[in-house]
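Below are the chains, spelled out letter by letter.
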Amino acid sequence: MQLQKMDMNLFLVLEAIYSAGNLTRAAEQLHITQPAVSNALARLRRTLDDPLFIRGPSGMTPTPLTESIMPRVQQALSLLGTSLNEHRQFNPALARKTLRLSMNDMAETLLLPPLLERLEKEAPGVTVESFHVPRDQLAKELAANTLDFALDIPLSTAPQLQQQRLHQDRYLCMLRNGHPLAGESSLTLDQYLQLEHIHVSSRRTGPGLADIALNKLGRRRNIKLRVQHYRVAPLVVLRTDLALTVPASLASQYSARLFELPFQIPLMDWHLLWHKNLHEDPANRWLREQLLAVLAV
């Protein structure tokens, strides 16, 4: 096959379908019609003599040939994009852009107020959308440019992403001020385990960091309530005798009795994630500088 006889735009379509997982989202990403994407895919299939993608219930599944060539295709497109972006400038004061972020409710609480305050002054034309993308979909969404940044734990299985630590926090035990143990100077492990606890998790089942740490000690806490979000849990604590193991930055926002944990638990570790293709993009670089500035370690 002679490369000079190929339409290089077809590789843009190939990467878009690979990243988006279906023809409709690929068309939206490329700002062309779905029939145009279908026609380009048909041309690629004839040229490469391979189906490239197999349609299934979960979308377009890449064939082995597609999987084998995509890393180099993405690298080539990234190099080209970087070369073009080197000559572009980003003026935040004049920018008209939507910043799309994936994060949980606690990250929204800590990040969005100072971020919007900063953007209001320096980039008033930038709007923000915050939503949650499942962790196993982050790399694909960032590659498809349907997401600009994610706040999450470090992802060791996503080499196509850039990552930088954004925030680190320790956990505390939170009780209401009128709790029977509120007058104690500290909590013992036995006292902690005698409490009834709130467990925060977006999953329906499974342990949290506190449970994993206690399991290593051969101990187990009594979980009375399981909720999806951190923002509601402190409100329950303030009206009951339930205990909450919570990051200090959130706990400090409430008038409550806070105790150091009587056992070791890993720090909460948030990283900022973005796609390598946009690492040198001026808009992406300026925006991540703002994110890092307002919630730096």
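The rules behind each value
Residues numbered from 1 in each chain as written. Predicted model: local features only at pLDDT ≥ 70, side-chain atom pairs only at ≥ 80, totals over all residues. Heavy atoms only, no water. Salt bridge = Lys/Arg side-chain N within 4 Å of Asp/Glu carboxyl O. Helix = DSSP H or I, 4+ residues; strand = E, 2+ residues; numbered from the N terminus. Buried < 20%, exposed > 50% of the residue type's maximum accessible area, 1.4 Å probe, protein only. Pairing = 2+ DSSP bridges. Contact = heavy atoms within 4.5 Å. Axes fitted to C-alpha atoms, helices over the stretch in contact; angles between N-to-C directions. Parallel < 35°, antiparallel > 145°, perpendicular 65-115°, else oblique. Left-handed = near helix turned anticlockwise from the far one by under 90°. Nonpolar A, V, L, I, M, F, W, Y, C, P; charged D, E, K, R; others polar. Polar contact = N/O pair within 3.5 Å; in protein donor to acceptor, adjacent residues only side chain to side chain.

Colleague: Pulling in residues and values, what's your account of the pattern of salt bridges?
Modeller: Inspection of the entire model under this criterion finds nine salt bridges. The partner of Glu 260 in a salt bridge is Arg 170, and the shortest N-O contact between them spans 2.8 Å. Here Glu 260, found in strand E11 (residues 257-260), pairs with Arg 170, found in the loop between strand E6 (161-169) and strand E7 (171-175); they are 90 residues apart in sequence, far enough to count as distant. On the accessibility criterion, Arg 170 (41% relative accessible area) is partly exposed. Asp 211 serves as the salt-bridge partner of Arg 221, at 2.8 Å between the closest nitrogen and oxygen. Residue Arg 221 is found in the loop between helix H8 (209-216) and strand E9 (222-227), and its partner Asp 211 is found in helix H8; the two are separated by ten residues along the sequence. Like Asp 211, Arg 221 is buried. Ionic contacts of the salt-bridge type, sharing partners, join the residues Lys 97, Arg 100 and Asp 148 into one network.

Colleague: Before we move on, can you summarise the pairing of E7 with the specific residues and values?
Modeller: In terms of burial, E7 is a largely internal element, five of the five residues being buried. Of the two faces of E7, the one holding Tyr 171, Cys 173 and Leu 175 and the one holding Leu 172 and Met 174 are both buried throughout. Direction of pairing for E7 relative to strand E10 (residues 243-247): antiparallel, over a ladder of four bridges. Along E10, the bridge assignment pairs Leu 172 with Val 246. Pairing of E7 with E11 involves four bridges; the strand directions are antiparallel. Paired with Cys 173 across the bridge in E11 is Phe 259.

Colleague: With reference to specific residues and values, describe the side chain of His 179.
Modeller: Mapping His 179 onto the fold places it in the loop between E7 and helix H7 (189-194). Setting aside residues up to four positions removed in sequence, His 179 forms contacts with Leu 195 and Asp 241.

Colleague: Any chance you could break down the packing of helix H1 (residues 9-20) against helix H2 (residues 23-30) for me, citing the residues and the numbers?
Modeller: Relative orientation of the contacting elements H1 and H2 amounts to 125 degrees, with a least axis distance of 8 Å. With respect to each other, H1 and H2 are oriented oblique. Crossing of H1 against H2: the hand is right-handed. Contact with H1, carried on its side by Leu 12, Val 13, Glu 15, Ala 16, Ile 17 and Ala 20, involves Leu 23, Arg 25, Ala 26, Gln 29 and Leu 30 of H2 and no other residues of that element. Considering only residue class, the contact of H1 with H2 consists of eight nonpolar, one polar and two charged.

Colleague: Any details on the side chain of Ser 19? Residues and values, ideally.
Modeller: For Ser 19, the position within the fold is in helix H1. Overall, Ser 19 belongs to the buried group, its relative accessible area being 3%. Engagement of the side chain of Ser 19 in a polar contact is seen with the side chain of Glu 15, the distance being 2.6 Å. Among residues more than four places away in sequence, those in contact with Ser 19 are Gln 74, Lys 140, Ala 143 and Ala 144.

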